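Architecture at a glance
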Amino acid sequence: MSTTPDADAAEAPEVPGAADRSGPPRMRADARRNREQILCAARSVFAEQGPDAPLDEIARRAGVGIATLYRRFPERADLIRAVAIDVFTALVETAHRAAEEASDPLDALRRFMHAALDLKIGSVVPSLLGRVTVDELVDAVSQDAADPVDELLRQAREAGLVRSDVVFGDITLLLIRLARPLPGGLIPDDEALAHRHLDVYLDGLRPAGSPRPNTPLSGPALDSAAFKRLRGQVMGGGSD
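These numbers were taken from a predicted model, which means no experiment stands behind them.

Here is what the cut-offs are and how they apply
Residues numbered from 1 in each chain as written. Predicted model: local features only at pLDDT ≥ 70, side-chain atom pairs only at ≥ 80, totals over all residues. Heavy atoms only, no water. Helix = DSSP H or I, 4+ residues; strand = E, 2+ residues; numbered from the N terminus. Buried < 20%, exposed > 50% of the residue type's maximum accessible area, 1.4 Å probe, protein only. Contact = heavy atoms within 4.5 Å. Areas by Shrake-Rupley, 256 points an atom, 1.4 Å probe, with all protein chains shown as cover. pLDDT = per-residue confidence, 0-100. Axes fitted to C-alpha atoms, helices over the stretch in contact; angles between N-to-C directions. Parallel < 35°, antiparallel > 145°, perpendicular 65-115°, else oblique. Left-handed = near helix turned anticlockwise from the far one by under 90°. Nonpolar A, V, L, I, M, F, W, Y, C, P; charged D, E, K, R; others polar. Salt bridge = Lys/Arg side-chain N within 4 Å of Asp/Glu carboxyl O. Core = buried A, V, L, I, M, F, W, Y, C linked by side-chain atoms within 4.5 Å.

The helix and strand inventory of the protein stands at 13 helices and 0 strands. Traced from its N-terminal end to its C-terminal end, the protein shows the element sequence α-α-α-α-α-α-α-α-α-α-α-α-α. When burial is assessed residue by residue, the protein has 40% of its 240 residues classed as buried. Partitioning the contacts of the protein with sequence separation of at least 6, the portion at a separation of at least 24 is 70%. In the form shown here, the protein has an accessible surface area of approximately 13300 Å², with 52% of it arising from carbon and sulfur atoms.

Shown next, in the form of structure tokens:
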């Protein structure tokens, strides 16, 4: 969806540090929607192609004109910083919401990890390394995103729902691995498949003697026959 000229004119450029000095600029609903669409599209494109990805592609996926993108983010660095802050802010909010809505600490951890996978945290942030610093993110976000996640894990361990030797890196690094798109770009339902694999992993975090999970795995089931077909499509020369 493209913006009207009036809507574009109402949008002020996002200059790093401007919000810190005078508070977030007031935006019209359509301008705010454009901003959200641009950040969402940039998150996906940066995850797939890195921080030097074409801005035209981001604008196209966001459904806005390239002029609208530049009005919101005059420099590429402005957009990169905004994406990183947006992801870390969403992570903090997601962790707190999971704790509030879950039936138990393991359910809270599960909710958070699936939501973090949707945010593409594991593929966006590594792609922006060297373009934004941790200090910038911590200063811009209300809380270090690592803290509420570590608290979710601590509660799950203390409740005996997660094995005692599972630590913070077992959660975050797993999300980084799962969030990276599979090679070839021809795997259907790649993101849904990542959620299925996350479910398998989460069940493996249970301590010995825990009841076996009775909920079905999410996402597509890729059996050997389907895998061979996909392998042939990606690498060539596969058999039916």
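This part takes up the confidence of the model for the protein. This prediction gives the protein a mean pLDDT of 83; 84% of its residues lie at or above 70. Between the elements of the protein, mean pLDDT differs from a low of 40, seen in helix H1 (residues 5-9), to a high of 96, seen in helix H4 (residues 55-62). Across residues 1-11, confidence stays below pLDDT 50; counting only partners more than four residues off in sequence or on other chains, it has 20 contacts. pLDDT under 50 marks residues 15-23. Its contacts with residues more than four places away, or in other chains, come to 6 contacts.

Helix packing geometry: the angle between the two helix axes and the distance between the axes. Where helix H11 (residues 168-179) contacts helix H12 (residues 190-204), the two axes come as close as 10 Å, and the packing angle between them is 155 degrees. Taken together, the axes of H11 and H12 are roughly antiparallel relative to one another. Along this stretch, H11 crosses H12, giving a crossing that reads as right-handed. Residues Asp-170, Leu-174 and Leu-178 of H11 touch H12, and the partners they reach there are Ala-194, His-197, Leu-198 and Tyr-201. Within the contact of H11 with H12, the residues separate by chemical class into 5 nonpolar, 1 polar and 1 charged.

Now for the side chain of Arg-43. Secondary-structure assignment places Arg-43 in helix H3 (residues 29-49). Ignoring anything within four residues of it in the chain, the contact list for Arg-43 reads Val-83, Asp-86, Val-87, Leu-119, Lys-120 and Val-124.

Let us look at the pattern of salt bridges. With the rule as written, the count across this model stands at 15 salt bridges. With a shortest N-O distance of 3.5 Å, Arg-43 and Asp-86 are connected by a salt bridge. Note that Arg-43 is positioned in helix H3 and Asp-86 in helix H6 (residues 76-101), a separation of 43 residues in sequence. The salt bridge partner of Glu-57 is Arg-61, with a shortest N-O separation of 2.7 Å. Of the two residues, Glu-57 and Arg-61 are both situated in helix H4; the distance of 4 residues between them amounts to about one turn of the helix. With a relative accessible area of 18%, Glu-57 lands in the buried category. Each member of the salt-bridge network shares a partner with another, and the members are Glu-48, Glu-57, Arg-60 and Arg-61.

With that settled, the discussion passes to the nonpolar core. One finds Phe-46, Ile-58, Leu-79, Val-83, Phe-112 and Met-113 to be the most contacted residues of the largest nonpolar core, which totals 59 residues. Elements represented by at least two residues in this core include exactly H3, H4, H6, helix H7 (105-118), helix H8 (121-127), helix H10 (146-158), H11 and H12. Here this core gets 13 residues from one element, more than from any other, and that element is H6.

Within the fold, Ala-102 resides in the loop between H6 and H7. When the C-alpha positions of Ala-102 and Phe-112 are compared, they lie 9.7 Å apart, and in sequence the two are 10 residues distant. Ignoring anything within four residues of it in the chain, the contact list for Ala-102 reads Asp-107, Ala-108 and Arg-111.

This part is about the environment of Ala-156. If you trace the backbone, Ala-156 turns up in helix H10. As for Ala-156 and Pro-105, which are separated by 51 residues in sequence, their C-alpha atoms are 4.7 Å apart.

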